[in-house]
Amino acid sequence: MQRTDVENPDYFHKVVDCQWACPAHTNVPEYIRLIAQGRFDDAYIENRKSNVFPGILGRTCDRPCEPACRRTRLDGKPVAICRLKRVAADNKSDISSRIPKAPEVKNGKRIALVGAGPSSLTVANDLMPLGYECTIFEKGPRPGGLMRINIPSFRLPEEVLDEEIGYIVDMGVEMKYQTPVNSLRELLDSEQYDAVFVGSGAPKGKELVIPGRYDSDQIFIGIEWLESIHFGHVTSVGDRVLIIGVGNTAMDCCRSAKRLGATSVKVIARKTRKYFKASPWELEDAEEEQVEIVENLQPVQFLYEDGRLVGMEFDQFHSEEIDGKLVQTSIGRVTVPCDTVVLAIGQDNAFPWIERNIGLEFGKWDMPVVDPKTFMSTREGVFFGGDAAFGPLNIIWAVEHGHQAAISIHRFCMGLPVTERPLNQFSLRSTKMGLHEWSYSNDYSGATRQKMRHIELTARFQNMTTEVEQGFTPEQTKQEVERCLNCDVQTHFTDSLCIECDACIDICPVDCLTIAPDAEESELRTRLTATATQMDQALFVSGGLKQTGRVMVKDENVCLHCGLCAERCPTFAWDMRKFTLQLPYAKDAMLPMAVGIGVGVQ
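Worth saying up front: this structure is predicted, and the values here are computed from it rather than measured.

### A short note on the packing of aromatic side chains
So, point 1. According to the stated counting rule, one finds twelve aromatic pairs in the structure shown.
So, point 2. For the ring pair F493 and F540, a centre distance of 6.2 Å and an interplane angle of 75 degrees mean the geometry is edge-to-face. With a gap of 47 residues between them, F493 in strand 19 (residues 489–493) and F540 in strand 21 (residues 539–541) connect regions that are remote in the sequence. Considered together, F493 and F540 belong to a single accessibility category, that of buried residues.
So, point 3. Following the ring pairs from residue to residue traces out a cluster consisting of Y11, F12, F426 and F579.
So, point 4. It is R63 that lies over the ring of W281; its NZ or CZ is 3.9 Å from the centre.
So, point 5. Positioned over the ring face of F317 is R270, at 4.1 Å from the centre of the ring.

In structure tokens form, the structure reads like this:
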């Protein structure tokens, strides 16, 4: 098997599973260590480099990092990465002096941004310090996009939004509120801007056109209904409420209905729980608030008596898994009483304001054709990001889109090819401080995942603004940070120093090391000390060792990063080195461009 190329930043990056899984590649282990040291300001700034909104995402992120967390392979529960992000945000001091500032002398380039959601705000965050003049056109009265109007305040307090969005707006971004862009052609023809970024989101809720849909004023579209609640246009609801759909928007709707006074709230799902789009913790929070989730029902029609909505009729199914696929069989129909129905079955993009004859192509689902690496459309100088680019995703994806689009915009405005991207770089630095001492906590903690504290149920439903989650206590934080396995502190092996004494193999607590005759990967995997269970996790394979020509093999999947191999090794062939991925942003857009590996610093 070919020797592992540890000079490629992607190799060790993939070993840091949480960081690899995060769309913005936030340096999770580093900010957790900073929290462990009580350095909350530094942890917040480390977060903000990549995800821009630590306090917001510490409450609302979809947490793609957590299913990837290596801790799940030990005790089944990931480190509470998202909630630790909130710890840094809640405990920081005034960090405004550490936020990048816009220079007084501008670079002469002006950028128009459509929509004040997370992707547009990220673009402005990255370009303003480079001297750009950014103007955001927002149809609403305040910035934040769907973060503000579709995520209820009991999950995301307005003061958190205002603070973190304020760090960007206060750089000097020109905000044009209540100013929708009604024609992209007019915006481009004005020739006031050197580039345009579209971050208008996916503002159109999907319809459910079945008999009776338009015969009542008590049938609502989910995202529109949440917006109406936010602006105070909806202040009450019927006693019996049905939420159709089972995504995260549906969870916000059902919990909002409880706060508006509904006594019975049911969420109706077409499939079984395994196929729900809502995050598990969102489902748990809804059920804790006595929301009933009903599976295997498909809407047929709305039912009325004397012109008043009284229920819905559904097809009912029996579900079973056959050969890994869900098979549903109709078992009749059922009627569910209701006074109000909220349709939360998805969102669509809507671009009626973009003319179809301005050189900007549209493809499937009437979506703009956007390059997934550069985020530029088929019309040069017009970029898309967030939900407007590829359909509904989540906030952290919108942030990453913004970072990449900002690189492209900067290169475009400088007359450079947007397809050439600055390389990822990395550093590897030894953490050794003594024979048995490292600059990180390498003891394994058996602590269980900490449970989030919630306010009492009776206090939750008094208004729409009381935040339910209270954050971790100092003691909970102390316990949770120790659960992190420091996956960025890598076992670094130097072939020429190994004497094949097997000391590292003997001491490894999880049997992840093997010295074996070289072979193809499929064969080599059969020779491991412990059978590999996760085939998509890479093997580390050394070059031929000088004494026998055999190779050192390590299964990265199960390593605890405890450092015992490095402590035991008599020749220092093993070392524990901290891997730091250096991601390029717009400020780095003039760095050398190439296709290949990054630059490593040993």
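### Some remarks on the sheet that holds strand 9 (residues 292–294)
So, point 1. The strand order 6-13-7-8-9 describes an open sheet built from five strands, whose pairing is parallel. Among the strands making up the open sheet, the edge pair consists of strand 6 (219–221) and strand 9. Taking the axes of each pair of neighbouring strands and ignoring which way they run, one obtains an average angle of 20 degrees across the sheet.
So, point 2. Of the strand pairs in this sheet, strand 8 (residues 264–268) and strand 9 are connected by three bridges, and their pairing is parallel. By the bridge assignment for strand 9, K266 is matched with E292.
So, point 3. Against the sheet, helix 13 (residues 222–230) engages strand 6 and strand 13 (340–343), with an angle of about 90 degrees to strand 6.

### Thoughts on the sheet that holds strand 1 (residues 110–114)
Pairing between the strands of a sheet comes from backbone hydrogen bonds, and it takes one of two forms, parallel or antiparallel.
So, point 1. What the five strands build is an open sheet, ordered 3-2-1-4-15; its pairing is parallel. Each having just a single partner strand, strand 3 (174–176) and strand 15 (382–384) make up the two edges of the open sheet. Going from strand to strand, the sheet's axes swing by 20 degrees on average, the running direction of each strand aside.
So, point 2. Summarising the sheet, strand 2 (residues 133–137) and strand 3 pair through three bridges and their orientation is parallel. By the bridge assignment for strand 3, I136 is matched with M175.
So, point 3. Across the sheet, helix 9 (residues 118–127) is in contact with strand 1, strand 2 and strand 4 (195–198); its angle to strand 1 comes to roughly 165 degrees.

### What about the pairing of strand 4?
So, point 1. Burial along strand 4 is two-sided: A195 and F197 and V196 and V198, pointing in opposite directions, are all buried.
So, point 2. In this structure, strand 1 lies alongside strand 4, joined through four bridges in parallel fashion. Note on strand 4: the bridge partner recorded for A112 is V196.
So, point 3. Here strand 4 runs beside strand 15; their pairing, made up of three bridges, is parallel. Bridging from a neighbouring strand, V198 pairs with F384 of strand 15.

About the cut-offs
Residues numbered from 1 in each chain as written. Predicted model: local features only at pLDDT ≥ 70, side-chain atom pairs only at ≥ 80, totals over all residues. Heavy atoms only, no water. Phe/Tyr/Trp six-rings, centres within 6.5 Å; stacked < 30°, edge-to-face > 60°. Helix = DSSP H or I, 4+ residues; strand = E, 2+ residues; numbered from the N terminus. Buried < 20%, exposed > 50% of the residue type's maximum accessible area, 1.4 Å probe, protein only. Lys NZ or Arg CZ within 6 Å of the ring centre and 35° of its normal. Pairing = 2+ DSSP bridges. Axes fitted to C-alpha atoms, helices over the stretch in contact; angles between N-to-C directions. Contact = heavy atoms within 4.5 Å.

Read these as spatial facts, not as claims about activity.
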